[in-house]
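# A look at the structure
Chain residues, written in single-letter form:
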Amino acid sequence: MTKNPNTFLTDKKFPFCPGCGHGISINALNKALQELNYTAHDIIVVSDIGCSGLIDPLFATHTIHGLHGRSPALGLGVAMGVAQKQNKKVIAFIGDGGATIGLQHILEAARRNVDMTLIVLNNLLYGMTGGQISGLSTQKFKEIIDFEKDIPPFDLVQLAHASGARFAVRVNAPNKIKDTLKKAIKTKGFSLVEAASLCPSYGMKRMNELIEVVEEENILEHQRPATRIKDQLTTSLLDKTPRITPKYKANLTNRKGILIAGSAGGGAQSVARFLAMAGMYAGLQATMKGEYPITVGTGFSVAEVIFDHNPINYTGLEKPDYFIIVTQDGLIKVKNKLNKDSKIYIEEKLVTDELKEKYSNIIPVAFGKMANRKSTALAATTYVLNKENILPLEALKEAVGTHRLKDIFVEVIEKASQY
Ligand code: SF4
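Conventions and cut-offs
- Residues numbered from 1 in each chain as written.
- Predicted model: local features only at pLDDT ≥ 70, side-chain atom pairs only at ≥ 80, totals over all residues.
- Helix = DSSP H or I, 4+ residues; strand = E, 2+ residues; numbered from the N terminus.
- Rg over C-alpha atoms; globule rule 2.2 N^0.38 Å.
- Buried ≥ 20, exposed ≤ 12 C-beta atoms within 10 Å, placed from the backbone.
- Core = buried A, V, L, I, M, F, W, Y, C linked by C-beta atoms within 7 Å.
- Contact = placed C-beta atoms within 7 Å.
- Pairing = 2+ DSSP bridges.
- Axes fitted to C-alpha atoms, helices over the stretch in contact; angles between N-to-C directions.
- Arc of directions from axis to C-beta.
- Parallel < 35°, antiparallel > 145°, perpendicular 65-115°, else oblique.
- Left-handed = near helix turned anticlockwise from the far one by under 90°.
- Expected span 1.5 Å × (residues − 1).

## Observations concerning the overall build of the protein
Along the protein, the regular secondary structure elements total 14 helices and 15 strands. Since a compact globule built from 419 residues should have a radius of gyration of about 22 Å, the 29 Å found for the protein marks it as more spread out than a globular shape. Projected onto its principal axes, the C-alpha coordinates of the protein cover approximately 80 × 50 × 40 Å. Here the protein, with 419 residues, has 45% of them falling under the buried criterion.

Here it is, written out as structure tokens:
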């Protein structure tokens, strides 16, 4: 909040180290916006990660905080969203570290030339993590710190210009930043201002002036007009998701969690999805969550499903009510989660004396005899649903009915239900 209607800043104290250059650019932006007669409601400030990402609470405008290197992409999306609104301006901040991480996003925003301004606070290093060099650290700076001095920095201004930015400039003198920002903000299209920003904590220990190591660039401009964004009604992804109308009734009194543990290629993820859908066909709320290694073709495949009559706000499943363990990979993965309160349905071949001794709640079943390897998870899940009377199997059949292999799946369900 701010008590002064003429400022775009809140009353919060700047969180930066004493003498940090970021404050100069923030004050310059505040002044520039005042002189351009914007109101706080017109401005959407998008921030990144790092010291420059601490600005959100400082601005009394709309603010959004993004992921590292993604403020240009986030800003671009917002700018497209507000393109049809009168007098709205998106101003994104990023540090040189974020610009290094998210360089592609800057080039994309420049290429698209949507109306927004990106302010790159270049202090030549990653300040928040202790002063590591970035892709924008100049060779002169690297000579001073005697590190990688032969490797040139990215020239962000040239890159943005080459990508089609309407306006791109590097400025290193603090007293020029406000007027440069005014020009950039007035530009209709993508504008980038790289402002040299002193970091007393890490960058300035061995040099006196940032000007010594950051060379200014003339304003590079294209005459291309800003990309026109049509005001189009977009549909939500949820609108494209098929609706499930409850047709069956679940015999469920309270929240239940089911964990299916198998191997890659064994269908655990698909079965969990069918199971969650079956729950919805039975009028329940349902969540489904999968876990498997990055190499999706090998190793374990574990999936969790939760059912409840009430909305499920927390989808974690610390203690499943039912384990359905069909393979050794799955058992190894979930072994540490086993406990004495859950019902542990497990392929009988996997049961060892140690397991039996430790868990009297183990229920060995010959899942492997009910179906082939690819359908064992479905057969095992059918078996447990049937024994525990959690959901009508008709609901599960309805769920697999959406799949191209539905006839095979229905056959597996019918066979497993005989055991
Ligand atoms: S570490 Fe450097 S960039 Fe970060 S707040 Fe301190 S002076 Fe500023």
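Following the structure, the description resumes.
## Focus: the nonpolar core
If you look at the biggest cluster of nonpolar residues, it comprises 65 residues, and the most contacted ones within it are M116, L118, I119, V120 and L192. For I119, the contacting residues outside a window of four places in its chain are S25, L29, I91, F93, V193 and A195. Membership of the second largest hydrophobic core comes to 57 residues, among which are I258, F274, Y345 and A371.

## Things to note about the sheet that holds strand β3 (residues 89-95)
Read from one edge to the other, the open sheet built from seven strands follows the order β2-β1-β3-β4-β8-β7-β9, with strand pairing classed as mixed. Edge positions in the sheet fall to β2 (62-65) and β9 (217-221), since each of these pairs with one other strand and no more. Between one strand and the next, the sheet's axes are offset by a mean angle of 15°, whatever the strand orientation. As paired elements, strand β7 (residues 167-171) and β9 share three bridges and run antiparallel to each other. From the neighbouring strand, A168 faces β9, where its bridge partner is L220.

## A word on the environment of S417
For S417, the location among the structural elements is in the segment after α14 (406-416). As for S417 and R373, which are separated by 44 residues in sequence, their C-alpha atoms are 17 Å apart.

## Topic: the sheet that holds strand β13 (residues 322-325)
Taken in spatial order, the six strands make up an open sheet running β11-β12-β10-β13-β14-β15, and their pairing is mixed. Looking at strand neighbours, the two that pair on one side only are β11 (285-291) and β15 (362-365), the edges of this open sheet. Sheet twist, expressed as the mean angle between neighbouring strand axes with direction ignored, is 15°. Examined bridge by bridge, β13 and strand β14 (residues 343-347) share four bridges and lie parallel to one another. Among the inter-strand pairings, I324 is bridged to a residue of β14, identified as Y345.

## Let's talk about helix α6 (residues 156-163)
By the burial criterion, the buried members of α6 are L156, V157, A160 and H161. Mapping the buried residues of α6 onto a view down its axis gives an arc of 135°, with all of them on the same face. Contact partners of the buried residues in α6: α3 (96-101), α4 (103-112), β4 (116-122), β7, β8 (190-196) and β9. Downstream of α6 by one or two residues, G164 has phi in the positive range, about 115°.

## Comments concerning the pairing of β3
Counting buried residues in β3 gives six out of seven residues, a clear majority hidden from the surface. Pairing of strand β1 (residues 43-47) with β3 involves four bridges; the strand directions are parallel. By the bridge assignment for β3, V46 is matched with A92.

## Overview of the packing of helix α1 (residues 22-35) against helix α7 (residues 174-186)
In the contact formed by α1 and α7, the axes pass within 8 Å of each other and the chain directions differ by 45°. With respect to α7, the axis of α1 lies oblique. As α1 packs across α7, the resulting crossing turns out to be right-handed. Contacts between α1 and α7 pair I24, S25, A28, L29, K31, A32 and E35 from the former with P174, I177, K178, L181, K182 and I185 from the latter.

## Points about the environment of A250
Structurally, A250 can be placed in the loop between β9 and β10 (256-263). Exposure remark for A250: the 21 C-beta atoms within 10 Å place this residue in the buried category. Taking the C-alpha atoms as reference points, A250 and P392, separated by 142 residues in sequence, lie 6.7 Å from one another. Filtering out sequence-adjacent residues up to four positions away, A250 remains in contact with G279, A282, G283, L284, I390 and L391.

## Here's the deal with unusual backbone geometry
Of note, N37 is a non-glycine position whose phi angle comes to about 65°, a positive value. Tracing the backbone shows N37 in the loop between α1 and β1. Backbone geometry at N87 places phi at a positive 60°, although glycine is not the residue there. Considering the arrangement of structural elements, one finds N87 in the loop between α2 (71-82) and β3. Classification of N87 as exposed rests on a count of 11 C-beta atoms within 10 Å.

## A look at helix α8 (residues 268-281)
Taking 1.5 Å per residue as the helical rise, α8 with its 14 residues ought to reach 20 Å, and the 20 Å between its terminal C-alpha atoms agrees with that figure. After α8 finishes, the residue G283 shows a positive phi value of roughly 80°.

## Looking at the environment of A160
One can find A160 in helix α6. For A160, a count of 27 C-beta atoms within 10 Å corresponds to the buried category. Each C-alpha atom, one on A160 and one on N336, is 52 Å from the other, the two residues being 176 residues apart in sequence. Sequence-distant contacts of A160, defined by excluding residues within four places in its chain, comprise I106, A110, A165, A168 and L192.

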